[in-house]
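Below are the chains, spelled out letter by letter.
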Amino acid sequence: MTTLTTPAVFIDPRTDFVSTNTAALPTEAITLRRRPPLQARRCCCQSCLHKLWLWSGLILNKWNKDNKQLLAGGFKTEPNLVSNSGMNPLQSTPILHVSKLNFNWADQPLITDFSADILPGITLVKGGDGRGKSTLLRLLAGALPAQSGQLQVNGIDLHTQPVHYKNQVFWADPRSDKFDQMSVPDYFQCQQRSHPHFDDSVRADAVAGLGLAEHLHKQLYMLSTGSKRKVFIAAAFASGAAVTLLDEPFAAVDAVSIGFMLKWLKAVQSGSSRAWVIADYVAPDGLRLRQTLDLGD
């Protein structure tokens, strides 16, 4: 998750140094260069020093606007903006673009003018019950039509190229019975046909890591809630989709499988080609989030 904390930069006119509270900078490194000593300056009157102090306020305003390199007076700050995923947010290209999405439920607005750029890495959609986490994922998947808005994955628009768009997005509603009559292998084959970058070797690793081998001969309706969810997770990992949408992936899942899932997500969280959108109440333990979309409590 990219966290940009405004540095407490100030110039004390009684002293000789530019100061900063570096403890407030979890993702930026600030390099400060000492100004020339007072006696080396042409003027050291209180009026000039006060003007210099005022310049620090202008510098803070510029930082807040664009977080770019700051140049002012006799000093320079050089921020190194690095996101928690290890990628420079200023150089990242969004994978999923969402613009002015609107959706009503029972004639009441649930999602209004929602816009976001989903970057590579892990994005958390958090919120309380009834705030629209699952609904938002369905909308992003194209599984639920919005009243208005635009969705694009790597430039592919849902409205003009719906099939190609959905090929770029993995979504399996854990509450759906759509695939219940399929066997587990048949479900994997169905997802392989839908996603051109599906990796069968990753699927095999996920089946082993999630303890699904004993269930491969079963139809999905025969599985417990947790086992069925693990089948969907295995397909998600193997899909190779540009955008993977996971709705409460750890619910009703055993501890060993949760450990495997977290290990997998940690391995891919710094990747540059896939965006993972997880809807849940809280952030998963140990994962570095690229973004958090908070829908409220």
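Refer to the structure presented above.
The rules behind these values
- Residues numbered from 1 in each chain as written.
- Predicted model: local features only at pLDDT ≥ 70, side-chain atom pairs only at ≥ 80, totals over all residues.
- Heavy atoms only, no water.
- 1 Å grid on protein atoms, 1.4 Å probe; cavity = no way out; pocket = protein on both sides within 12 Å on 5 of 7 lines; lining within 4 Å.
- Points joined across faces, edges and corners; volume = space filled by probe spheres on them.
- Helix = DSSP H or I, 4+ residues; strand = E, 2+ residues; numbered from the N terminus.
- Nonpolar A, V, L, I, M, F, W, Y, C, P; charged D, E, K, R; others polar.
- Core = buried A, V, L, I, M, F, W, Y, C linked by side-chain atoms within 4.5 Å.
- Buried < 20%, exposed > 50% of the residue type's maximum accessible area, 1.4 Å probe, protein only.
- Contact = heavy atoms within 4.5 Å.
- Axes fitted to C-alpha atoms, helices over the stretch in contact; angles between N-to-C directions.
- Left-handed = near helix turned anticlockwise from the far one by under 90°.
- Pairing = 2+ DSSP bridges.

Asks: So what exactly am I meant to see when it comes to empty space enclosed by the protein here?
Replies: Gaps left between atoms show up when a probe the size of a water molecule is rolled over them. The full count for this structure, using the stated rule, is 1 cavity of 30 Å³ or more. When its volume is computed, the largest cavity comes out at roughly 80 Å³. As for the largest cavity, its lining consists of Phe170, Ala172, Pro174, Arg229, Phe232, Ile233, Leu245, Leu246, Asp247 and Pro249. Broken down by secondary-structure element, the contributors of at least two residues to the lining of the largest cavity are α6 (225-239) and β11 (243-247). Split into classes, the residues belonging to the lining of the largest cavity amount to 8 nonpolar, no polar and 2 charged.

Asks: Help me out: how do you make sense of the nonpolar core in this one?
Replies: Nonpolar side chains tend to gather and get buried jointly when the protein is soluble and globular. Counting residues in hydrophobic clusters, the biggest one holds 37 residues, and the most contacted among them are Tyr187, Phe188, Phe237 and Leu265. Broken down by secondary-structure element, the contributors of at least two residues to this core are β7 (121-126), α4 (184-194), α5 (200-209), α6, α7 (255-268) and β12 (275-280). In terms of residues, this core owes the most to one element, α6, which gives 8 residues. Leave out the neighbours within four places in its chain, and phenylalanine 237 touches Val202, Ala206, Phe260, Met261, Trp264, Leu265, Arg274 and Trp276. Formed by 30 residues, the second largest nonpolar core is a distinct cluster that contains Phe114, Leu137, Leu140 and Val153.

Asks: What should I look at first to understand the packing of α4 against α6 in this one?
Replies: When two helices pack together, their arrangement is given by the angle between the helix axes and the distance between those axes. Running from amino to carboxyl end, α4 crosses α6 at an angle of 35°, the nearest separation of the two axes being 10 Å. Two packed elements cross with a definite hand, and for α4 against α6 that hand is right-handed. On α6, the residues touching Val184, Tyr187, Phe188 and Gln191 of α4 are Val231, Phe232, Ala234 and Ala235.

Asks: Quick question: what am I supposed to make of the sheet that holds strand β13 (residues 291-294) here?
Replies: One key point about sheets: their strands pair by backbone hydrogen bonds, in either a parallel or an antiparallel sense. Read across the sheet, 5 strands follow the order β10-β11-β12-β7-β13 without closing on themselves; strand pairing throughout is parallel. Each having just a single partner strand, β10 (169-171) and β13 make up the two edges of the open sheet. Across this sheet, the average inter-strand angle for adjacent strands is 15°, counted without regard to direction. The pairing of β11 with β12 spans 5 bridges and is classified as parallel. Paired with leucine 246 across the two strands is isoleucine 278, which belongs to β12. Packed on one face of the sheet, helix α2 (residues 133-141) meets β7, β10, β11 and β12 and runs near 155° to β11.

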